[in-house]
Amino acid sequence: MRLGKPLAFALLALAVVGLSLAAADDEHTRRYQRPKRLAVPADAPQLWKDECASCHMLYPPGLLPAQAWRQQLDTLAAHYGSNASLEPEQEREILDFLLRASARNRLPVEPAQTAGEPPRISQTRWFEHKHDEVSAAKFRRESVGGPANCVACHRDAERGDFDDDRVKIPR
Ligand code: HEC
Ligand code: HEC
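How each quantity is defined
Residues numbered from 1 in each chain as written. Chains lettered and ligands numbered in written order. Predicted model: local features only at pLDDT ≥ 70, side-chain atom pairs only at ≥ 80, totals over all residues. Heavy atoms only, no water. Helix = DSSP H or I, 4+ residues; strand = E, 2+ residues; numbered from the N terminus. Buried < 20%, exposed > 50% of the residue type's maximum accessible area, 1.4 Å probe, protein only. Contact = heavy atoms within 4.5 Å. Donors = N, O, S within 2.8 Å, 3.2 Å for Na, K, Ca; no water. Near = heavy atom within 4 Å. Polar contact = N/O pair within 3.5 Å; in protein donor to acceptor, adjacent residues only side chain to side chain. Nonpolar A, V, L, I, M, F, W, Y, C, P; charged D, E, K, R; others polar. Tetrahedral: all angles 85-135°; square planar, octahedral: opposite > 155°, others 65-115°. Axes fitted to C-alpha atoms, helices over the stretch in contact; angles between N-to-C directions. Parallel < 35°, antiparallel > 145°, perpendicular 65-115°, else oblique. Left-handed = near helix turned anticlockwise from the far one by under 90°. Salt bridge = Lys/Arg side-chain N within 4 Å of Asp/Glu carboxyl O.

*Asks:* Sorry if this is basic, but what is going on with the overall build of the protein here?
*Replies:* Secondary structure assignment for the protein yields six helices and zero strands. In sequence order, the secondary structure elements of the protein are arranged as α-α-α-α-α-α. Counting all 171 residues of the protein, 31% fall into the buried class. Across the protein, the fraction of contacts at a sequence separation of at least 24, relative to all contacts at a separation of at least 6, is 59%.

And the structure:
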């Protein structure tokens, strides 16, 4: 089929508008939504899923800047009072993945409030900002289990979905 010239121009114009809308959306995301990429990459290694979700939920890499993950992986023997150490080559594989998958998080590394602990997601300024309307009492509920247990309220947290349309605080 041959398109008439006016129709072809109209389609081209639509495509250009579509592209610039997509670019504007990306720009918006870049400026206001921090950390920047929360969706867990599809090629995430099984080793990470197994080892880093055996005591708590699996934290999407985009939640912390790369240097914070480095501090996590460098201190696994003294991990918030637990020993989470791994074989050196396992540590390296997980660290490589975390560094790569968090590369778009440009937030500064913020130390944990307890001396000697590696950085926490639940004690970053953006976390506090996102939850300034959630009371401490709600985080303390037994059904919640503390601010670090994102999955209690964000069902799909382990896939990196924190959309506030789907959030539900359990009773
Ligand atoms: C042996 C158990 C264990 C293993 C294995 C483990 N963790 Fe943890 N992790 C903990 C404990 C305990 C805490 C502190 C929980 C709390 O205070 O609510 C914690 C907390 C964390 C936090 C901070 C959560 C917050 O408050 O924001 C991160 C991030 C984290 N772990 C990452 C990892 C990664 C990455 C791995 C895999 C290399 C891992 N953990 C493996 C026990 C473990
Ligand atoms: C007690 C339940 C609860 C827990 C636990 C919780 N959140 Fe939330 N979160 C909420 C609620 C409620 C909102 C919506 C707040 C609002 O809109 O004022 C929210 C909002 C968010 C948002 C913003 C979503 C958006 O669409 O703008 C992000 C990101 C987020 N949480 C991440 C996390 C992470 C990461 C964790 C774990 C480290 C976590 N949350 C733990 C209840 C929780």
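From this point, the narrative continues.
*Asks:* Help me understand the coordination of the iron atom of ligand 2, please; the structure alone is not making it clear to me.
*Replies:* Six octahedrally arranged donors around a metal ideally form angles of 90 or 180 degrees; four tetrahedrally arranged donors ideally form angles of 109.5 degrees. At 2.0 Å from the iron atom of ligand 2 lie its protein donor atoms, namely H131 (NE2) and H154 (NE2). A relative accessible area of 17% places H131 in the buried class.

*Asks:* Please clarify how the site of ligand 2 should be interpreted in this entry.
*Replies:* As a matter of local geometry, ligand 2 sits amid 21 residues, with H131, C150, C153, H154 and F162 nearest to it. Here H131 contributes a side-chain N or O atom positioned 2.8 Å from a nitrogen atom of ligand 2. Here an oxygen atom of ligand 2 sits 3.0 Å away from a polar atom, N or O, in the main chain of D164. Per-element accounting of the shell around ligand 2 gives the leading share, three residues, to helix α5 (residues 125-130). Taken together, the residues that form the shell around ligand 2 break down as 13 nonpolar, four polar and four charged.

*Asks:* What's the story with the coordination of the iron atom of ligand 1 in this structure? I'm lost.
*Replies:* Here the iron atom of ligand 1 is held by the protein donor atoms H56 (NE2) and H79 (NE2), which lie 2.0 Å from it. Seen from the iron atom of ligand 1, its six donor atoms lie at angles of 88 to 179 degrees, and the figure they make is octahedral. Of this pair, H56 sits in the loop between α2 (46-51) and α3 (66-74) while H79 sits in the loop between α3 and α4 (88-101); the two residues are 23 residues apart in sequence, bridging distant segments of the chain. H79 gets classed as buried once you look at its relative accessible area, which sits at 13%.

*Asks:* Just checking my understanding: could you explain the site of ligand 1 for this structure?
*Replies:* Taken together, 18 residues are adjacent to ligand 1, and C52, C55, H56, H79 and S122 come closest. Take H79: an N or O atom from its side chain is 2.8 Å from a nitrogen atom of ligand 1. In the shell around ligand 1, the residues fall into nine nonpolar, seven polar and two charged.

*Asks:* Help me understand the environment of E142, please; the structure alone is not making it clear to me.
*Replies:* With respect to the helices and strands, E142 occurs in the segment after α6 (136-140). Owing to a relative accessible area of 81%, E142 belongs among the exposed residues under this scheme.

*Asks:* Is there a simple way to explain the packing of α3 against α4 in this structure?
*Replies:* Contact geometry for α3 and α4: axes closest at 9 Å, N-to-C directions at 165 degrees. As summarised for this structure, α3 and α4 are arranged roughly antiparallel, according to the angle between their axes. Handedness of the α3/α4 crossing: right-handed. In this structure, α3 uses A66, W69, R70 and L73 to contact α4, whose residues at the interface are E91, I94, L95, L98 and L99.

*Asks:* Looking at this structure, how should I read the pattern of salt bridges?
*Replies:* Working definition: two side chains of opposite charge can pair if their charged atoms are close together. A complete count under the given rule lists six salt bridges for this structure. Ionic pairing is found between R125 and E110, a salt bridge with its closest N-O pair at 3.4 Å. Taken as a pair, R125 in helix α5 and E110 in the loop between α4 and α5 lie far apart in primary sequence, 15 residues in all. One salt bridge connects R159 with D156, and the closest N-O pair in it is separated by 3.3 Å. Each of D161, D163 and R166 takes part in a single network of salt bridges with overlapping partners.

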